[in-house]
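# An overview of the molecular structure
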Amino acid sequence: MTDLAGVRFTEAGPVSYCSAGDIALGVGDYVVVSTDRGERLGWVVIAPDQVLSGSARGPLRVISRLASEQDVAAWRAGRERAAEDQRRAQDLAARSDSRLRVASLEYDLAGEFCELTFAAKERIEHAWLARQARELLGCDVRVEQVGDRDRAKAAGGLGVCGLALCCATWQTEFPSISIKMAKEQDLPPNPSKISGVCGRLLCCLSYEVESYRELRGDLPRVGRRVSTPVGNARVTSVNALTQLVRLRMESGQVIDIPADELRAQYGTAVRPADLEDDVEAPIRSRDEALRDALLARLTPVNAPAPGPGPSPRARPSDGAARDASEQRRRDPGRPGEGRSRGSSRPARTSRRRPGDPRPSAPRAERDDTPPAPDPAGHGAPDTGPSPAEGEGGGERKRRRRGRRGGRGRRSRPEDGGENRSGGER
């Protein structure tokens, strides 16, 4: 809508968008606006051609006319009357409830309606105040409770800087202030030094906090432990204006480092100590445990401990030796293995007589596999003397071979009558 204009009724007050109709308005023009509480005098702060689309908020009011000299005179008379009646209303409120502080009192141009605001530490029922103020002032009174900041804005005054209060001159809204903003600007957390005339934190604490945050950047906070090439240290102070960072080493030495130099090294040469304690230490411990477990799996159980000298030649276990001997005995394809000495045919297995005692092998060397039955019915083949028999077992084996030669294959005429059980073909 192009006929809207922004009008302000009090200094540094909220902007009300009103319909101008056919009235040509400019910034600074005094106008009379019709409200539900009578006619009020205001001045244009936003011309109709400066209003942005969608920026109009609140109830839409209508501008009745441009203000005349009589309207301006009535407005000034109403302000003088309001200042006097405010003191009377304060005396009335103090007699009934000492916690109340009258913040402001305003009349319309006709003086038939009045708006009274008060401040208190806690919420107070103020219906009784509206009745008594109506009898005192002789007009229709609307009472509203406001905060301490609104009371200071209506009263005005000078701040700790020596200038007029920001909220009473140009500030239209109150920003959100916290004690953290004071700490970020290196201000003492003393409420008496960082509070305004309203008793709350200074609104100007929010003006430069973003600049301080930008100057600090990613520098470590005060009290943070950092790891440096010469040892661990603790950040004692960070001066954002002078760009100096003060570190106290574990030895007690105090070092001042420029912020740019520390910012360039932070994360490489200088880094937070919590990173090494909370992140890198568990990872290092886990890697060491995995390495130890892998070495334990790769190292034999009976392997000798490594010494300074050359390691002894590994000897095959007894089970491996028996398997290799059995394989050589059963494999007839290899020359010189599994055959009798001086013969190219496979050696006959010895057979035990029914009356001969069977040599017993040690329990640890016995094979659990049952022996294969002999086709001749003489029992299982003898695999050779046991270690317990020693050289005597070998001698008995040779004698059995000699006896077996006499009972072997009969000599044939074509063989020349020679026993070929143990000789060449």
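Applying the stated criterion across every chain, the model contains 18 salt bridges. Close ionic contact of D256 with R246 constitutes a salt bridge, the shortest N to O distance being 2.8 Å. Here R246 lies in strand β11 (residues 244–249) and D256 lies in strand β12 (residues 254–258), a separation of 10 residues in the sequence. For R246, a relative accessible area of 38% gives the class partly exposed. For D287, the salt bridge is made with R286, and the minimal N-O distance between the two is 4.0 Å. Among the residues examined, R286 registers a relative accessible area of 51% and is labelled exposed. Where salt bridges share partners, they join E39, R65 and D71 into one cluster.

A separate point is helix α2 (residues 127–137). Where α2 is concerned, the buried positions are W128, L129, A130, A133 and L137. Against α1 (69–96), β6 (101–107), β7 (113–119) and β8 (140–146) lie the buried residues of α2. Of the residues flanking the end of α2, it is G138, one or two places downstream, whose phi is positive at about 70°.

Our next topic: the pairing of strand β9 (residues 225–228). With 4 bridges joining them, β9 and strand β10 (residues 231–239) adopt antiparallel strand pairing. Looking across to β10, one finds that S227 is bridged to N232. The antiparallel hairpin formed by β9 and β10 contains 2 residues in its connecting segment. Strand direction decides the pairing type here: β9 and strand β13 (residues 271–272), joined by 2 bridges, are antiparallel. Bridging from a neighbouring strand, V226 pairs with P272 of β13.

What follows covers the nonpolar core. Formed by 20 residues in total, the largest nonpolar core has its most connected members in L105, L116, L129 and V141. Of all elements in the fold, only α1, β6, β7, α2 and β8 reach the threshold of two or more residues within this core. It is α2 that contributes the most residues to this core, 5 residues altogether. What V141 contacts, discounting residues up to four positions off in sequence, is R37, C114, L116, A133 and R134. Within the second largest apolar cluster, 12 residues are counted, among which are V238, L247, L262 and V270.

Okay, unusual backbone geometry next. Even without being glycine, D186 reaches a positive phi, approximately 60°. Summarising the element assignment, D186 is placed in the loop between α5 (179–184) and α6 (209–216). Residue class for D186 comes out partly exposed when judged on its relative accessible area of 44%. Here the phi dihedral of Q243 falls at roughly 60°; this positive angle occurs in a residue that is not glycine. Here Q243 lies in the loop between β10 and β11. A relative accessible area of 21% places Q243 in the partly exposed class.

Attention now goes to the sheet that holds strand β5 (residues 61–66). Strands sit in the order β1-β2-β5-β3-β4 around a closed barrel of 5 strands; the barrel is mixed. Taking each pair of neighbouring strands and ignoring which way they run, the sheet shows an average axis angle of 55°. Inspection of the sheet shows strand β1 (residues 4–8) paired to strand β2 (residues 15–19) by 5 bridges, in the antiparallel sense. From the neighbouring strand, R8 faces β2, where its bridge partner is V15. Contacts between α1 and the sheet are confined to β3 (30–35), β4 (38–46) and β5, with β4 contributing the most and set at about 105° to the helix.

On any regular strand, side chains alternate: one points to one face of the sheet, the next to the other face. Bridge analysis of β3 against β4 gives 6 bridges, and the strand direction is antiparallel. If you follow V32 over to β4, its bridge partner there is L41. Once β3 ends, the chain turns through 2 residues before running back antiparallel as β4. Examined bridge by bridge, β3 and β5 share 4 bridges and lie antiparallel to one another. When the bridges of β5 are listed, V32 appears paired with R65.

With that settled, the discussion passes to the packing of α1 against α2. Helix packing for two helices is described by the angle between their axes and how far apart those axes are. Two elements in contact, α1 and α2, have axes whose closest approach is 11 Å; the angle formed by their N-to-C orientations is 135°. One element, α1, and the other, α2, form an angle in the oblique class. Considering only the axes of α1 and α2, their crossing is right-handed. Contact residues: R81, D85, R88, A89, L92, A93 and S96 in α1; W128, L129, Q132, A133, L136 and L137 in α2. By residue class, the composition of the contact of α1 with α2 is 8 nonpolar, 2 polar and 3 charged.

About the criteria used
- Residues numbered from 1 in each chain as written.
- Predicted model: local features only at pLDDT ≥ 70, side-chain atom pairs only at ≥ 80, totals over all residues.
- Heavy atoms only, no water.
- Salt bridge = Lys/Arg side-chain N within 4 Å of Asp/Glu carboxyl O.
- Helix = DSSP H or I, 4+ residues; strand = E, 2+ residues; numbered from the N terminus.
- Buried < 20%, exposed > 50% of the residue type's maximum accessible area, 1.4 Å probe, protein only.
- Contact = heavy atoms within 4.5 Å.
- Pairing = 2+ DSSP bridges.
- Core = buried A, V, L, I, M, F, W, Y, C linked by side-chain atoms within 4.5 Å.
- Axes fitted to C-alpha atoms, helices over the stretch in contact; angles between N-to-C directions.
- Parallel < 35°, antiparallel > 145°, perpendicular 65-115°, else oblique.
- Left-handed = near helix turned anticlockwise from the far one by under 90°.
- Nonpolar A, V, L, I, M, F, W, Y, C, P; charged D, E, K, R; others polar.

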